[in-house]
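Residue strings, one per chain:
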Amino acid sequence: MNIANIELYVIEMSLKSPFITHLGAVRNREGIIVKIRDKDGVCGYGEGVAFSTPWYTEETVKTSMHMLTDVLIPLLQKHSIKHPEEAAALFQSIRRNHMAKAAIETALWDLYAKGQKQSLAGIIGGTREVIASGVVVATNSIKNALKEIEGYIEEGYQRIKVKINPQQDYEFLSAIRTYYPILPIMADANSAYTLKDLDRLRALDELNLMMIEQPLSPNDIIEHAALQKEIQTPICLDESIVTFEDAKNAVQMGSCQVINIKTGRVGGLTEAKRIHDYCLQHNIPVWCGGMIEFGISRAHNIALASLPGFSIPGDISASSRFWEEDIISPEVTVKNGVIRVPDGSGIGFSINQKRLKETTIFKKEFLF
Ligand SMILES: O=C(O)CCC(=O)c1ccccc1C(=O)O
Ligand SMILES: [Mg+2]
């Protein structure tokens, strides 16, 4: 891959409405756009999904910019690569910093697919022409939740995910179930519980949830295995699955029955595909998680979710779920509960250059 230059853009947009969990409220989103141009003028795009503060993982926009600027891009300037998987191998010498690595590795995947004149979905082995779309309701008001759910059902979303914690679980979910007795609903706890809350968690079994996501500590595999033996609701892991080894251990331990795969959390598309392939082999369904991201990461998620093991609607919602105007054209839209997998080369979406320019708060170029 004959890289001519790399450009980093830090962009910022306000969310249409605050994204509220027990960990706090996200009202404003900064993100990093990575643009890699090769000597033929072909451009590949990736997105860094770390938040401005380390509330979800230890990474932030600032740590990602430091890693990209001072470590990862200089590594690529020193070592030429022929395939994005070689970047993943090259980055093994750097510990963790998965979202920074994924930002650049996904841009290389987009560039590589464009060089091969293939869709990214096609080149990683995607088999789906459409992917099932779910949406997240992240509020602490049951009134707002019911209003949002009504709207999302209208828009055709196939499943609703709500955020729960010990102060917002049984009653909150029961109120939703009263209005929507058969609606596919899942709950994401973002590690709000401990094993001491076993009775609270067991009480949710009667609400017929599809799954409960990450009830316990973000670094845990062992206690989730103990919990899964005590509750009927399938456990899905998110924060606990940072590497392929985590996924393998969780599946072997019976810590979960479902895994939420996020390219940024696991360090790139190469690792995300490895986790998918392992889960497919071991009959563990996976779905593609979301990071309140902009359109480039959303486009990469669509390609990932086209793989055969992504059999559950994920958190890939329309651009309009969060943004007045996205940085890609066309925007991601949901029709009849699905998103069409683009067959254009690479990620299959163009950049809305006007929107990228007006949302950019910092830009830096690296020549090769
Ligand atoms: O992008 C979305 O649709 C929201 C997905 C979501 O719930 C989320 C958003 C940011 C950080 C963590 C999580 C999560 O799944 O835990
Ligand atoms: Mg989650």
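Conventions adopted
Residues numbered from 1 in each chain as written. Chains lettered and ligands numbered in written order. Predicted model: local features only at pLDDT ≥ 70, side-chain atom pairs only at ≥ 80, totals over all residues. Heavy atoms only, no water. UniProt positions renumbered as here; feature names shortened; annotations may be inferred. Near = heavy atom within 4 Å. Polar contact = N/O pair within 3.5 Å; in protein donor to acceptor, adjacent residues only side chain to side chain. Domains from an automatic or database assignment. Helix = DSSP H or I, 4+ residues; strand = E, 2+ residues; numbered from the N terminus. Buried < 20%, exposed > 50% of the residue type's maximum accessible area, 1.4 Å probe, protein only. Lys, Arg positive; Asp, Glu negative; His and termini not counted. Salt bridge = Lys/Arg side-chain N within 4 Å of Asp/Glu carboxyl O. Contact = heavy atoms within 4.5 Å. Buried area = accessible area lost by both parts, 1.4 Å probe. Pairing = 2+ DSSP bridges. Donors = N, O, S within 2.8 Å, 3.2 Å for Na, K, Ca; no water. Core = buried A, V, L, I, M, F, W, Y, C linked by side-chain atoms within 4.5 Å.

For the chain, an unreviewed UniProt entry supplies the name o-succinylbenzoate synthase and the organism Neobacillus kokaensis. Its UniProt record gives the chain a comment under Sequence similarities (unreviewed entry), which states: "Belongs to the mandelate racemase/muconate lactonizing enzyme family. MenC type 2 subfamily."

### Notes on the site of ligand 1
For ligand 1, the set of nearby residues contains 18 residues, the closest of which are Lys-161, Lys-163, Asp-188, Asn-190 and Ile-292. Here Lys-161 contributes a side-chain N or O atom positioned 2.9 Å from an oxygen atom of ligand 1. Lys-262 is positioned with one of its side-chain polar atoms (N or O) 3.2 Å from an oxygen atom of ligand 1. Both of domain 1 (3-117 + 353-367) and domain 2 (122-340) provide at least three residues apiece to the shell around ligand 1.

### So, the side chain of Glu-239
Counting through the fold element by element, Glu-239 comes out in the loop between β9 (235-237) and α9 (244-253). Despite its burial, Glu-239 pairs with no opposite charge; the closest candidate is Lys-262, at 6.1 Å N-O. Here Asn-190 takes part through its side chain, which lies 2.8 Å from a polar atom of the side chain of Glu-239. Once residues lying within four places of it in the same chain are set aside, the contact partners of Glu-239 are Tyr-56, Asn-190, Gln-214, Pro-218 and Arg-265.

### Some points on the UniProt feature "active site" (unreviewed entry) in the chain
UniProt marks Lys-163 and Lys-262 with the feature "active site" (unreviewed entry), using the numbering shown here. When you line up the elements, Lys-163 lands in strand β6 (residues 159-163). Among the residues examined, Lys-262 registers a relative accessible area of 6% and is labelled buried. Non-local contacts of Lys-262, meaning those with residues more than four positions away in its chain, are made with Tyr-56, Asp-238, Gly-289, Gly-290 and Met-291.

### Considerations on the domain arrangement of the chain
Assigned domains within the chain: domain 1 (3-117 + 353-367) and domain 2 (122-340). Between the C-alpha centres of domain 1 and domain 2 the distance comes to 23 Å. Taken together, the contact between domain 1 and domain 2 spans 42 residues of the former and 42 residues of the latter. Taking both sides of the interface into account, the surface hidden between domain 1 and domain 2 amounts to around 3400 Å²; carbon and sulfur atoms contribute 69%. Looking at the side of domain 1 facing domain 2, the largest losses of area belong to Lys-16, Phe-19 and Tyr-56, adding up to 20% of the total buried there. Our count for the contact surface shared by domain 1 and domain 2 stands at one salt bridge. Residue Glu-325 pairs with Arg-355 through a salt bridge whose shortest N-O separation is 3.9 Å.

### Points about the sheet that holds β9
Taken in spatial order, the seven strands make up an open sheet running β5-β6-β7-β8-β9-β10-β11, and their pairing is parallel. Only two strands of the sheet have a single partner each, and these edge strands are β5 (134-137) and β11 (286-288).

### Focus: the coordination of the magnesium ion (ligand 2)
Each angle at a metal carrying four tetrahedral donors should ideally be 109.5 degrees, and each at a metal carrying six octahedral donors should ideally be 90 or 180 degrees. Around the magnesium ion (ligand 2), the protein contributes the donor atoms Asp-188 (OD), Glu-213 (OE) and Asp-238 (OD), at 2.1 to 2.3 Å from the metal centre. Counting residues between consecutive donors of the magnesium ion (ligand 2) along the chain gives the motif D-x24-E-x24-D. Of this pair, Glu-213 sits in strand β8 (residues 212-213) while Asp-238 sits in the loop between β9 and α9, and the two are 25 residues apart along the sequence. The exposure class of Asp-238 is buried, given its relative accessible area of 1%.

### Here we look at the nonpolar core
Counting residues in each nonpolar core, the largest one holds 96 residues, and the members touching the most others are Val-162, Ile-164, Leu-173 and Ile-259. A domain split of this core shows at least three residues from each of domain 1 (3-117 + 353-367) and domain 2 (122-340). Residues in contact with Ile-259, not counting those within four places in the same chain, are Cys-236, Leu-237, Ile-241, Ala-247, Val-251, Cys-279, Ile-284, Pro-285, Val-286 and Trp-287. Leu-68, Ile-81, Leu-90 and Ala-103 belong to the second-largest nonpolar core, a separate cluster that totals 27 residues.

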